[in-house]
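The residues making up each chain are set out below.
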Amino acid sequence: MTLIDEPVAPARELTVLGACPQDCPDTCAMVVTVRDGVAVEVAGSKAQPYTNGGLCVKVDNYLDRVYHPDRILHPMRRVGPKGSGEFERISWDEAVDEVARRFTAIAADHGAEAIMPVSYLGTQGILNGLNVGDPFFNRLGATVAERTYCDAGSCTAYAMTIGDTAGVDPEAMVNSKFILIWAANIMSTNLHLWPYIAEAKKRGAKVVVVDPVRTKTARAASQHIPIRPGTDGALAMAMMHVIINEGLTDDDYVAAHTIGYDELVERVQQYTPEWASQETGIPVETILTLAREYATAQPSVIRIGVAVERHAGGGQTVRALSCLPALVGAWRNPGGGILQLPLWAFPVNWPAFMHPELLPPGTQVVNQYLLGQALTGQLDLRTPLKALMVYNSNPLVVAPDQARMVEGLSRDDLFTVVSEQFMTDTARYADILLPATTQLEQEDIMFSWGHLYVTYNNPSIAPLGEAVPNTELFRRLARAMGFDDDPIFTRTDEQMIAEAFDWSSPAMEGITVDSLKEQGFSRLNLPPSDEYAPHRDGNFRTPSGKTEFVSSAAAGGNFVVPLFRQGSNDHQPGQPVDPLPHYIPPRDNAAADPELAARYPLNLISPKSHAFINSSFANIEIHQRVQKPATLLINPADAEARGITTGSVVRAFNDRGSVELLAKVDASTMAGVTVCHVGHWRSDALGLSTLSQLNPTTFADLGNAPTFSDTLIDVEPVAAQEG
Amino acid sequence: MAYVITEACIDAADKACREECPVDCIYEGDRMLYIHPDECVDCGKCVTACPNGAISSEYKLAAEDERFRDIAVEFFDAFPDANGGAEDLGPVGADHPTVAAWETGGRT
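Residues numbered from 1 in each chain as written. Chains lettered and ligands numbered in written order. Predicted model: local features only at pLDDT ≥ 70, side-chain atom pairs only at ≥ 80, totals over all residues.

A. Main features of the confidence of the model for chain B. Model confidence for chain B is summarised by a mean pLDDT of 92, while 95% of its residues fall at 70 or above. Across the assembled chains, the prediction reports ipTM 0.91 with pTM 0.96. (pLDDT = per-residue confidence, 0-100.)

B. Just the nonpolar core, in detail. Residues and elements named next belong to chain A. Formed by 238 residues in total, the largest nonpolar core has its most connected members in Met239 and Met240. Counting residues per element, this core draws most heavily on helix H8 (residues 232-245), at 10 residues. Ignoring anything within four residues of it in the chain, the contact list for Met240 reads Val268, Ala320, Cys323, Leu324 and Leu327. Core analysis: the next-biggest nonpolar cluster, separate from the first, contains 26 residues, Ala652, Ala663, Val678 and Leu694 among them. (Core = buried A, V, L, I, M, F, W, Y, C linked by C-beta atoms within 7 Å. Buried ≥ 20, exposed ≤ 12 C-beta atoms within 10 Å, placed from the backbone. Helix = DSSP H or I, 4+ residues; strand = E, 2+ residues; numbered from the N terminus. Contact = placed C-beta atoms within 7 Å.)

C. Broad picture of the pairing of strand E9 (residues 206-210) of chain A. Residues and elements named next belong to chain A. Extensive coverage of E9 is indicated by the burial of four of its five residues. Where strand E8 (residues 178-182) lies against E9, five bridges are found, and the strand directions are parallel. Along E9, the bridge assignment pairs Phe178 with Lys206. One ladder, built from three bridges, connects E9 with strand E10 (residues 223-225); its direction is parallel. (Pairing = 2+ DSSP bridges.)

D. Broad picture of the interface of chain A and chain B. Of the residues lining the interface, 18 residues belong to chain A; the matching set on chain B comes to 11 residues. Within the residue set of the side of chain A that touches chain B, elements represented by two or more residues are helix H5 (186-189), helix H6 (194-202), helix H7 (216-220) and helix H22 (621-627) of chain A. Class assignment for the residues of the side of chain A that touches chain B results in 12 nonpolar, three polar and three charged. (Nonpolar A, V, L, I, M, F, W, Y, C, P; charged D, E, K, R; others polar.)

E. View of unusual backbone geometry. Going from Gln298(A) to Pro299(A), the amide bond is cis rather than trans, its omega being 0°. Considering the arrangement of structural elements, one finds Pro299(A) in the loop between helix H12 (284-296) and strand E12 (300-304). Backbone geometry places Asn539(A), a non-glycine residue, at a positive phi of 55°. Turning to its location among the elements, Asn539(A) is positioned in the loop between strand E20 (521-523) and strand E21 (547-548). One non-glycine residue, Asp42(B), adopts positive backbone phi at about 65°. As for its position among the elements, Asp42(B) is in the loop between strand E3 (33-35) and helix H2 (45-49).

Here it is in structure tokens:
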């Protein structure tokens, strides 16, 4: 729009302080400029020190999303076959009545467990995010959805070792002398951390990246160590072997603040650098140098990415990595330790959002990775599923087992409700489709899993069409189901915000809802980053208060943190866990399954995209142009052996399925390792399928984490189509 | 690739963008600055920093600025040492031939 010279009424322009809602550690403070009720700019807030005025390629173009012509703005009812995307507009009253009527009938005929929510972190605000539907479904007695997409195994392992601690303040990393970035492409998925790493590097820190792919982050580091997918635990155990056997431990720290050291010494003897070299593909000398430098350059810090858990031994990998800082005394100084999820610093009042006490004891639990099996009769369920309600998620793209999921969602006897902003692959299968607001149209309050600031999202524009925030969606459904006899279900957003935190906690001292609304953000009341060393004197959040090399929590068996399962502690996986860290090799590899590896000799890993967040933004044109169509990176040696050239169409396949992708021959990925970034929609894909066709539904060793990176495939050229 | 610096930078070379770039990928030529197309992470922080409005997403370039996309690629092809961080490198001290021969700086 251009300015015009004629006198007009002055535009009513205001700036509104917001917060990025996306499933990312950075939770940027945003400033939204609104003119006459229309948002005209979304920018980063210069005032917020950590995110520092920057957004990223995903959210710079947020207005393209908010005002996209494809937004779903009204409730709709399916009129065509399932999956056809043919709908008719209906009123909210009709939609809510139909959902309540069907849920009530299904509960009467089959039991309420025949209904299941399906959701994750399409938005991650405390109000509208992870737990927004939990009270409703807990009261209903629906099947509990276990959502272990992200760090569930890592959280179990981390908690077993050092407890639910914030760990390292990312702003303190400027003080780090050795920064070990493990399975994280910071420049695409944690961008606002990079300037702190760069500053540390400028001050003399060595920055090492462990990753099968030479990412932009790896290229900018001092050293890149390529590693075979799924063998990270071998490297971590071998580092402990070297540190212990070469006397590089911080003996005073170990004596005062750890338990189980003698057992650990014995355990690590089998994990020699020579053995680890065979397993990981990393030269012995590189392993020795890494261990020595990590131990001696203090403070040292390990930044682990979510990808570190995505293989059979993901949990034990994080167990080992969480042991390392105590072994070398890294916790003594600001900028030393391990950075996993500083989320744990936030005193979020989770029970007020999950209300687990409403859950009927013993209610069945289904992990969302198994949804395809659950919907097609291949899971042994007490109560088979007859209805789904999907919100904050697009499971057809982000969950594995796509072919079975399509089969399940196509069932005529399945009643599916989807709340969405766009006609996603999953939304196409809805019976009732409900319009959801974007972050500009809703109020929320945000924790972060990458820094230590609370951020407030003031709504900046009125909801488009008839879209509603998830909080309002569940108020409407609760009223229609007669749950409004309980004040939990009639809480306003304002009342929920008042319950969002334990405001009396020391971390919240000096922070109020009013101050947050006005400033947009506030650093938790913790020591300044240059002084923040929470475990200088131990104080780990474990039963012993120490780093537990021998984990006492392991005695209870494997578990998923209840936060990821609507607060439920029933039907935990429970299998015995060795209390000492150890190495579990990838499930799909030549040693474990030579026959499989002979047929499918290439690893497939599926990192997060640069321009999408999971499947969000994959339908927006500018993001598609930046990300490019779904592409398989393949090492030149592997490409040549198969006659594959850049730009050609290839078929990637294994016993689970087959996907057509564009090939890019690229030496940035190791020989034997292929890479396909996650997020492209099925509807945009060649052959109507994406890489989730190929991914296993099998869990990792701890916390029911996924094993996406534990996937073997082969690749072949696709002959040019005739005609 | 990514964000592109265009004509409005020629002979202005304000450098405010370099302060903002989180990955230090904006390199100094003689008459203008250049964003390394392979190092840029598409965050867009430089766009608002530039007082001359010279920076744009490669996908949102004005028609007359389209050529600067190729200019950036060719600049870094010609000066392969310009990588891995602009600050450590310092000024390249030369320009793409098209920029070197540009008649007047900036745009009025």
